[in-house]
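Working through the structure, step by step
Each chain is listed here by its residues.
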Amino acid sequence: MLRSLVGSEMCIRDREVGSDGASGSFFYFTKDKRYIVKTISLGEKDALVRIARSYLEHVTQYPGTLIHYYGCHSLRLPINSSKMYFCVMKNIFHTDDKLSETYDLKGCTTNRCRLNSSELAEFDECALSRNKLSFKPGTMLDWDWMKLGRKLHFPPGTEEQRSDLLGALHADSEFLARNRLLDYSLLVGMVDKLNSRQSGPGIARGESFVHGQLEEESRCKNMKLSLGNHDFYLGIGDILESWSARWWGQGAVLDGILRYLLCSQWQNPLGITAVPPEQYAARFFWLTADQLLGATPPLLPGQQKVLNTAVGPEMPHLRLGAWW
């Protein structure tokens, strides 16, 4: 990481990118695009410091984790007396190839659809014909993934790879629940190898880049998968939101509106983001097991619960086993 941040051949790129989410954070990329420096709030900084020891133990015990944070820092600008906090993370979508599709999956179903029905139909058609879309889809959400029928299809002989990924997702879900975190998501990026092209000018690769690549292959084995005609890039991001009275109040209000005022007719009251961390983690893990990997073969005995919450088609946020 230090080679990318301060090495003579690598420097922070002279551009910043604003967040698509509600946080308003800014991202800065290292020149080799392997790491992201992201501004974070004081509350997020406190959360990262709070979980630091637990996180170190987690990544030591589960080297295949999909959560990669590498540092938390602060600086005080001359024109502002308050501190600015930022963290260093792995760039989950680290590739020179252009991503054909990107998704942000939380396991939530309330207000988690980016495209309308006509856009979904056009997107599906263009994905098959490889024609150009008439709109920019951006990063799509849970319902887009499910309505487009996306899944990771592991060919025969790759069962161990699938098992490793499922085990990592389960361990990460338990870690996040144990530390009372929520509002995180699984980021998924797809590259169509039959129609791939570089997303920008190529970057000269030095010795430090090659050395770093070898380190990452063992440390991030579950974060890039080559399956058939697609490469998939995976990682869990935005983990620094702690369960608080604010989240509890938001959940109570939304649940009351959806359950009693709207009579659960249009939105699922159990599909909101603001649910207790253990419930959020169990729902998140079941989405990845069911809709990302296809829950066949069945979950192993140790994966049928996230901490004390059972996962499977009988979960209360499902309707007759189906997402709604």
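Reference entry: report on the structure contained in this document. In this text the structure is predicted, and so the values were computed from the model without any measurement.

Conventions used here
- Residues numbered from 1 in each chain as written.
- Predicted model: local features only at pLDDT ≥ 70, side-chain atom pairs only at ≥ 80, totals over all residues.
- Heavy atoms only, no water.
- Patch = residues over 30% accessible without salt bridge, like charges linked within 9 Å, V, L, I, M, F, W, Y side chains within 5 Å.
- Areas by Shrake-Rupley, 256 points an atom, 1.4 Å probe, with all protein chains shown as cover.
- Salt bridge = Lys/Arg side-chain N within 4 Å of Asp/Glu carboxyl O.
- Helix = DSSP H or I, 4+ residues; strand = E, 2+ residues; numbered from the N terminus.
- Buried < 20%, exposed > 50% of the residue type's maximum accessible area, 1.4 Å probe, protein only.
- Pairing = 2+ DSSP bridges.
- Axes fitted to C-alpha atoms, helices over the stretch in contact; angles between N-to-C directions.
- Contact = heavy atoms within 4.5 Å.

1. A word on a nonpolar patch on the surface
On the surface, Val 253, Leu 254, Ile 257, Leu 261 and Leu 262 cluster together into a nonpolar patch covering about 420 Å² of accessible area. Looking at the secondary structure, you find Val 253 in helix H7 (residues 245–261).

2. Brief notes about the pattern of salt bridges
Inspection of the entire model under this criterion finds 14 salt bridges. Across the pair Glu 241 and Arg 246 runs a salt bridge, and its minimum N-O distance is 2.9 Å. Close ionic contact of Asp 255 with Arg 259 constitutes a salt bridge, the shortest N to O distance being 2.9 Å. One end of the pair, Asp 255, and the other, Arg 259, are both in helix H7, four residues apart, so they sit about a helical turn from each other. Given a relative accessible area of 29%, Arg 259 falls into the partly exposed group. Each member of the salt-bridge network shares a partner with another, and the members are Asp 104, Arg 112 and Asp 142.

3. Comments concerning the sheet that holds strand E9 (residues 224–227)
Spatial strand order, E6-E8-E10-E9: four strands in an open sheet with antiparallel pairing. A single partner strand is all that each edge strand has here, and the edge strands are strand E6 (101–105) and E9. With direction set aside, neighbouring strand axes in the sheet form an average angle of 20°. In the packing of helix H8 (residues 277–292) onto the sheet, the strands contacted are E6, strand E8 (185–192) and strand E10 (230–237), and the crossing angle to E8 comes to about 25°.

4. A few points about the pairing of strand E3 (residues 35–40)
Counting buried positions over the six residues of E3 gives six, a clear majority of the element. Neither face of E3 is left uncovered, since the one carrying Tyr 35, Val 37 and Thr 39 and the one carrying Ile 36, Lys 38 and Ile 40 both have all their residues buried. Sheet topology places strand E2 (residues 26–29) next to E3; three bridges connect them, and they run antiparallel. Its bridge partner lying in E3, Phe 27 is registered against Lys 38. Across six bridges, E3 lies against strand E5 (residues 83–90) in antiparallel orientation. Bridge pairing links Val 37 to Val 88 in E5.

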